[in-house]
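# Fold and contact review
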Amino acid sequence: MLSLLSSWSLELKTIINLVDQGHQWKFHGGIHPPSRKERTKTLAISTIEMPQQLFLSLSQHIGQPAVPVVAIGDTVQKGQLLAKQDGFISAAVIAPTSGTISDICQYSNCHISGIETQTIVLTPDHLNTWRTKLPLTLTSDHQQILERIKLSGITGLGGAGFPAAVKLATKAAIEFLIINGAECEPYITSDDLLMQERGAGIVAGIEIMAQLLKPQRIIIAIEDNKPQAITAMKEAAKQSIIDIIVRAIPTLYPAGGEKQLIEVLTSKQVPSGKIPADIGVVVQNVATSHAIANAVLLDEPIVSRIVTVTGELVDKPGNYEVPIGTSIEQLLIHAQFKPQTQQKIIIGGPMMGFALQQINAPVIKSTNCVIAASINELPDAPPEQNCIRCGDCEQVCPANLLPQQLQWFAKDQDHKKLNDHNLFDCIECGACAFVCPSTIPLVQYYRVAKAEIRQTTEDKRQADRAKDRFEQRNIRLERDKQERLERSKKAAEVRQAAMSKNSDGDAVAAALARIKAKKAAAEESSDAPNKDRVAAAIARAKAKKSAQTTSPEPAAQESDDIDPQKARVAAAIARAKAKKAAQQQKIDSSNDQSTNADTIETIDPKKARIAAVIAKAKAKKTLELEQANNNGNDDKSVTVADTIETIDPKKARIAAVIAKAKAKKALEQQQSNNNNDQR
Amino acid sequence: MSFLLIAVIILTGLGLVFGLLLGYASIKFKVKEDPVAEKIDLLLPQTQCGQCGYPGCRPYAEAVANGDDITKCAPGGKATIEQIADLLSVPIPDNSNNDDIVIKKVAFIIEDDCIGCTKCIQACPVDAILGTTKQMHTVIIDECTGCDLCVEPCPVDCIEMIPVAQTTKNWNWQLNAIPFKQLES
């Protein structure tokens, strides 16, 4: 164990030594796509006019959508919190300017699917008034700084949109803090310009992160096709109070990928299914670093970002600092966009970006580039041909995967094999599709397969949970049943005990009981019982008869003569039942049933109940009928219902009741059967 | 002679040792439950809806293990039938009409209409409905399996089954199936 530890520390020492000596490594594969950065790499960052409306999606990041803390009509100030983070992996949404909240609705988002997400719509008042700022310093409490970064809604600005505070809150011992200024995708120059113009801000952010993470080495990595940025950052790093290494790395796509960059700079490989922090590395984008400096030292949360607008079809390309939530349409109009037929607008780079579905989608925190390319510039991919197993894709894969094999498995939906071949290590860089001679959209296959696997895993998780809950519920029901039985048993025992005690202890009570028993016996011994029974039968018959005559009063009178008490009880029950039926009627029936309820009250309780059931069934039936003639007008459906009522009400009623009873019986039988089966 | 004796002794000894080992293993690692039913149960969607005619997924799994028809699981759809057929090495029955893709739905209570009768709560097999007597009820969407069992008992028909909305999270990356709308310029 000790030897292992010492060898590990030795290895670490040698890596750090090698890094200090300026050593660099290579990742597997990689390609050289045309960079096409020339058009915008010298254009200074400029601003655009404040839009009439800002659309702030609550899902601008990876993880849970944010939860709004403002309501429609609220007046907000620049920098105010609009939606707070929900859960650990989530990010806050901030007001990019002052104004009023005009709506909170579903609105198209800057996402490849074009699915609408919950969005806060802010109408700016064009005063741009900041809320009160409470800046922190480098020496502030770590927890306070982290909290500030969290509340400022900072996510990774390089494109993936992972909440920045989560990475910085890691408990792992960090050896390397890497600041990613590689910007390896074609066209994009927003980070390049940020480094050229705002190096000091980036370095200030690095100092804050260094405070939080205490890394052994800090490296800013920039591809060697950005000489101005490298000089600017070297200059800024010299001014810093801490040691920062600025390293130019060879231009090779995708050197800006997190795992690839780590391998180039430190020779370390992030194991499958792990995150960089697990091997002691944290990577942050340069723009994220700049945003962190703003949030902590100036208390200015993320209100805008730099977006490269380029492509042959814009006359005024540039690197624009735009408020978050500006519609891409407006950005393009500002850049003097001339649309073509079958125009595609690409968000992000041409390798990993996507064609926008709706032009009114807003700029979100991770939108680093908008490309309005002509058809000649970025033509549609030719139709897919069969794989010829040339193996070129394997040669360029920066994640050391077998793209060709993955493609077969993805087409076959063989999830197990896909997992075995580490599909989830694919960073979707598109290098394999770039070199494919058969122009197979490989990445698209992987994305679909990944989504499928995620869905299956989620379904499985939900199924397991449902199973668990079902079983727990059955256990609970069984336990309740046992408890009820136990209770009634106990109550019975107590009753019995009390009775036996009474008869034992109280002689007077016993004597009284005896006397009572004797009296009862005497009464019974006379021919009263027979008489009683006969009388009851007569009463029943008479009651039935009277019920048929539909007037309850004479029935009550007649029964009065025979058996006053019984009759009274019966009458009470009848009244209660009628009342109940009437109440039920009120709840269930629509207005046209009220007349029925009136007549019911004057009839007999049993009939009333039946009538109530019928009424209910009718209500359901008419509803169904209405639904059936949904397209026709209401009058029509009413007349249909009426005719049904007049044609054969009695038969229908009987049928309905029978059907209901049968259904219930069948259900009960089935249940009992099932129970038997279970046993 | 002694060679023969030694050989016999060794072989007998080996036989005894392995016999004891096997005997011990058969007791120690005895499989109590029917492993096939367990495996089938894992393939079922666990909606506990009872549409197969059994009270829950586990009883149906046991019934299938004992030779019942494998096409009775409606929520599982064709995928489940295929998986069970694969597991049991039986052909997929042709008469299965479950070839539609199953759209996951969840129950939704129209809360204005709810009278608080608790009938749906009693019907829910996974305790996904919240509420009490004469109070409005509501469905915990994350726990709802979409089994439909709460719809029938409702006396005021205030429960609807609504399809689970597609979000950017559960989107399936089918690029050519994107619904688009024309925006007025």
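Reading the values: the criteria
- Residues numbered from 1 in each chain as written.
- Chains lettered and ligands numbered in written order.
- Predicted model: local features only at pLDDT ≥ 70, side-chain atom pairs only at ≥ 80, totals over all residues.
- Heavy atoms only, no water.
- Helix = DSSP H or I, 4+ residues; strand = E, 2+ residues; numbered from the N terminus.
- Buried < 20%, exposed > 50% of the residue type's maximum accessible area, 1.4 Å probe, protein only.
- Contact = heavy atoms within 4.5 Å.
- Areas by Shrake-Rupley, 256 points an atom, 1.4 Å probe, with all protein chains shown as cover.
- Pairing = 2+ DSSP bridges.
- Domains from an automatic or database assignment.
- Buried area = accessible area lost by both parts, 1.4 Å probe.
- Salt bridge = Lys/Arg side-chain N within 4 Å of Asp/Glu carboxyl O.
- Polar contact = N/O pair within 3.5 Å; in protein donor to acceptor, adjacent residues only side chain to side chain.
- Nonpolar A, V, L, I, M, F, W, Y, C, P; charged D, E, K, R; others polar.
- Phe/Tyr/Trp six-rings, centres within 6.5 Å; stacked < 30°, edge-to-face > 60°.
- Right-handed = clockwise from strand over helix to strand, strands pointing away.

## A closer look at the overall build of chain B
When you go through chain B residue by residue, the secondary structure sums to 5 helices and 4 strands. Every one of the 185 residues in chain B was classed for burial, and the buried ones make up 31%. In chain B, 51% of the contacts between residues at least 6 apart in sequence involve partners at least 24 apart. Accessible surface, chain B as shown: approximately 12,000 Å² in total, 60% of it carbon and sulfur.

## Some points on the overall build of chain A
Scanning chain A for helices and strands turns up 22 helices and 17 strands. Across the 679 residues in chain A, those meeting the buried criterion constitute 41%. A separation threshold of at least 6 residues defines the contact pool for chain A, and within that pool the share at least 24 residues apart is 73%. Put simply, chain A shows about 36,800 Å² of open surface, and 55% of that area lies on carbon and sulfur atoms.

## Some words on the sheet that holds strand S2 (residues 54-57) of chain A
All names here are of chain A. An order of S2-S8-S7-S4 is seen for the 4 strands of this open sheet, with the pairing classed as antiparallel. The sheet terminates laterally at S2 and strand S4 (75-76), the two strands that pair on one side only. In terms of strand pairing, S2 meets strand S8 (residues 116-124) through 4 bridges, oriented antiparallel. Bridge assignment links Phe55 to a residue of S8, and that residue is Val121.

## Details of the domain arrangement of chain B
Residue and element names in this part refer to chain B. The domain architecture assigned to chain B consists of domain 1 (36-88) and domain 2 (103-167). Inter-centroid distance (C-alpha atoms) of domain 1 to domain 2 is 24 Å. In this complex, domain 1 contributes 5 residues to the contact, which on the side of domain 2 involves 5 residues. The junction of domain 1 with domain 2 conceals about 370 Å² of combined surface from both sides, 58% of it contributed by carbon and sulfur atoms. In terms of surface lost to domain 2, no three residues of domain 1 exceed Thr47, Gln48 and Cys49, which account for 82% of the buried area on that side. Summed over the shared surface of domain 1 and domain 2, the number is 0 salt bridges. At the junction of domain 1 and domain 2, the tally comes to 1 residue pair in polar contact (both at pLDDT 80 or more). Split by residue class, the side of domain 1 that touches domain 2 holds 1 nonpolar, 4 polar and no charged.

## Remarks on the domain arrangement of chain A
Interfaces are often described in size by the accessible area the parts lose on coming together. Residues and elements named next belong to chain A. Each domain of chain A was delimited in the assignment, giving domain 1 (21-373), domain 2 (392-457) and domain 3 (529-678). Taken over C-alpha atoms, the centre of domain 1 sits 27 Å from the centre of domain 2. Counting residues at the interface gives 17 residues for domain 1, matched by 17 residues for domain 2. Taking both sides of the interface into account, the surface hidden between domain 1 and domain 2 amounts to around 1,200 Å²; carbon and sulfur atoms contribute 54%. Looking at the side of domain 1 facing domain 2, the largest losses of area belong to His28, Ile31 and Met352, adding up to 40% of the total buried there. Inspection of the region where domain 1 meets domain 2 yields 0 salt bridges. Taken together, the links from domain 1 to domain 2 amount to 5 residue pairs in polar contact (both at pLDDT 80 or more).

## Examining the interface of chain A and chain B
With 30 residues of chain A at the interface, the matching set in chain B holds 40 residues. Both sides of the chain A and chain B interface together cover about 3,100 Å² of buried area, and 53% of this is carbon and sulfur. On the chain A side of the interface with chain B, the three residues burying the most area are Arg469, Phe470 and Arg473 of chain A, jointly 19% of the side's total. Here Arg476 of chain A and Asp127 of chain B are joined by a salt bridge, their closest N and O atoms 2.7 Å apart. Seen at the junction of chain A and chain B, the total is 8 residue pairs in polar contact (both at pLDDT 80 or more). For the side of chain A that touches chain B, the leading source of residues is helix H14 (residues 442-505) of chain A, giving 15 residues.

## Some words on the sheet that holds strand S6 (residues 93-94) of chain A
All names here are of chain A. On the basis of which strands lie adjacent, the open sheet formed by 3 strands has the order S3-S5-S6 and antiparallel pairing. In this open sheet, the two strands that pair with only one neighbour each are strand S3 (67-68) and S6. Note: S3 against strand S5 (residues 81-84), 2 bridges, orientation antiparallel. Bridge pairing in S5 links Val67 to Lys84.

## A closer look at unusual backbone geometry
Residues other than glycine predominantly adopt negative phi, and peptide bonds predominantly adopt the trans conformation. Residue and element names in this part refer to chain A. Residue Pro254 follows Tyr253 across a cis peptide bond; omega there is -5°. Tracing the chain through its elements places Pro254 in the loop between strand S11 (245-249) and helix H7 (258-266). Located in the positive-phi region is Tyr187, a residue other than glycine, with phi close to 75°. Along the chain, the position of Tyr187 falls in the loop between strand S9 (176-181) and helix H4 (190-197). Accessibility expressed as a relative area gives 1% for Tyr187, which makes it buried. We note that Asp299 has phi near 55°; this positive angle belongs to a residue other than glycine. Within the secondary structure layout, Asp299 lies in the loop between helix H8 (286-297) and strand S13 (304-310). By relative accessible area, Asp299 is classed as buried at 4%.

## Overview of the packing of aromatic side chains
Between two aromatic rings, the relevant description is the distance of the centres plus the angle of the planes. All names here are of chain A. Counted according to the given criterion, the structure contains 2 aromatic pairs over all chains. With a centroid separation of 4.1 Å and an interplanar angle of 0°, the aromatic rings of Phe55 and Tyr107 are classed as stacked. Taken together, the residues span a long stretch of sequence, with Phe55 in strand S2 and Tyr107 in strand S7 (residues 99-108) at a distance of 52 residues. In this structure, Phe55 and Tyr107 share a single accessibility class: buried.

## A word on the pattern of salt bridges
Under the definition given, this model contains 26 salt bridges over all chains. One salt bridge connects Asp464 of chain A with Lys460 of chain A, and the closest N-O pair in it is separated by 3.2 Å. Of this pair, Asp464 of chain A and Lys460 of chain A both sit in helix H14, 4 residues apart, roughly one helical turn. Accessibility expressed as a relative area gives 36% for Asp464 of chain A, which makes it partly exposed. We classify Lys460 of chain A as partly exposed; its relative accessible area is 35%. One salt bridge connects Arg465 of chain A with Glu143 of chain B, and the closest N-O pair in it is separated by 2.7 Å. Of this pair, Arg465 of chain A sits in helix H14 while Glu143 of chain B sits in the loop between strand S3 (138-139) and strand S4 (159-163), placing the two residues on different chains. Residue class for Glu143 of chain B comes out buried when judged on its relative accessible area of 13%. Through salt bridges that share partners, Lys467 of chain A together with Glu38, Asp41, Arg58 and Glu62 of chain B make up one connected network.

## Things to note about the pairing of strand S10 (residues 217-223) of chain A
Residue and element names in this part refer to chain A. Among the 7 residues in S10, 6 count as buried, and that is most of the element. Sheet topology places S9 next to S10; 6 bridges connect them, and they run parallel. Paired with Ile178 across the strands is Ile219, a residue of S10. The sheet contact formed by S10 and S11 spans 5 bridges and is parallel. When the sheet's bridge partners are listed, Glu223 is paired in S11 with Ile249. Remark: the S10/helix H6 (residues 227-239)/S11 crossover connection has right-handed handedness.

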